[in-house]
Amino acid sequence: MDDARAGQQGTSPRSVGILGIGRVGAVLARLCRAAGLEVTAASSTDDPSAACAADVVLLAIPLGRYRTLPRDLLRGRLVVDAMNYWWELDGARPDLDDPTTSTSETVAAFLDGARVVKALGHASVWELENLGRPAGDPDRRGLAIAGDDARDRAAVAALVDALGFDPVDAGPLAAGVAFEPPTEIFGSDATAAELREMLDRFPRSQRGRVVARARGEA
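Because the structure is predicted, anything quoted here is derived from the model rather than measured. (Residues numbered from 1 in each chain as written. Predicted model: local features only at pLDDT ≥ 70, side-chain atom pairs only at ≥ 80, totals over all residues. Heavy atoms only, no water.)

Re the pairing of strand S7 (residues 166-171)
Logical step 1: Burial analysis of S7 places 6 of its 6 residues in the buried class, the great majority of the element.
Logical step 2: The parallel pair strand S6 (residues 142-147) and S7 is bridged by helix H7 (residues 150-162), and the resulting crossover is right-handed. (Buried < 20%, exposed > 50% of the residue type's maximum accessible area, 1.4 Å probe, protein only. Helix = DSSP H or I, 4+ residues; strand = E, 2+ residues; numbered from the N terminus. Right-handed = clockwise from strand over helix to strand, strands pointing away.)

Set out below in structure tokens:
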């Protein structure tokens, strides 16, 4: 699991749209502005057009409401899925708790034509707020990235780097299941090296074995 920038020259976005202005969305907006990016945020009652026109659009709404996303506006856009499934908030949702697929793949199927990358969602809000560090800092934390297009992963890696974290390439979008709750990575506040070890261990974890059996990979 190499750094997402290896072999790819990611183009760092200049503008970021954020759909959702709850705690996660607000923190991401502050981080992006601090990194010098133009930020447009929209709540569920706002017109999302401007946010969806940004270089990259961050999804920070409750995952259970993903079908309210403006998929026509997001078609063809680079979209970062920072959402997570919580049954306490979303209710029992077999479509979001299906081990044969990842939640980001479910979102991507709904957002037909959007270029979906899973990132930013496995970090705790506290980590995002407090643990960003300059590149090369030995205490810099890592953030995993999963997406089906290497160029899109590289662009999101450049964004993650700008926000103060080391991007770690987890591979295709399906691999995002390795950093959904309740996996070892989720909320771990780990370094990039530790993240790579966790990704390597995931197939041997309880959740990894459940996923492998469901996908016929056991």
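Looking at the environment of aspartate 200
Logical step 1: For aspartate 200, the position within the fold is in helix H8 (residues 192-201).
Logical step 2: Sequence separation between aspartate 200 and alanine 178 is 22 residues, and the spatial gap between their C-alpha atoms is 9.6 Å.

Side note on the confidence of the model for the protein chain
A low pLDDT score tells you not to read the predicted coordinates there in detail.
Logical step 1: Of all residues in the protein chain, 94% attain a pLDDT of 70 or more, and the chain-wide mean is 92.
Logical step 2: Scored below 50 in pLDDT, residues 1-9 shows 27 contacts in the model against residues more than four places distant or in partner chains. (pLDDT = per-residue confidence, 0-100. Contact = heavy atoms within 4.5 Å.)

Remarks on the layout of surface pockets
Logical step 1: Within this model, the largest pocket holds a volume of roughly 400 Å³.
Logical step 2: Lining the largest pocket are 21 residues, with Val24, Ala82, Met83, Asn84 and Trp86 sitting closest to its centre.
Logical step 3: If you list the elements that add at least two residues to the lining of the largest pocket, you get helix H1 (23-34), helix H4 (87-90) and helix H6 (125-130). (1 Å grid on protein atoms, 1.4 Å probe; cavity = no way out; pocket = protein on both sides within 12 Å on 5 of 7 lines; lining within 4 Å. Points joined across faces, edges and corners; volume = space filled by probe spheres on them.)

A closer look at unusual backbone geometry
Logical step 1: Cis geometry marks the peptide bond from proline 181 to proline 182; its omega dihedral reads 5°.
Logical step 2: Although it is not a glycine, leucine 120 sits at a positive phi angle of roughly 75°.
Logical step 3: Mapped onto the fold, leucine 120 is located in the loop between strand S5 (115-118) and H6.
Logical step 4: Its identity as a non-glycine residue notwithstanding, aspartate 189 has a phi of 50°, on the positive side.
Logical step 5: Note on placement: aspartate 189 falls in the loop between S7 and H8.

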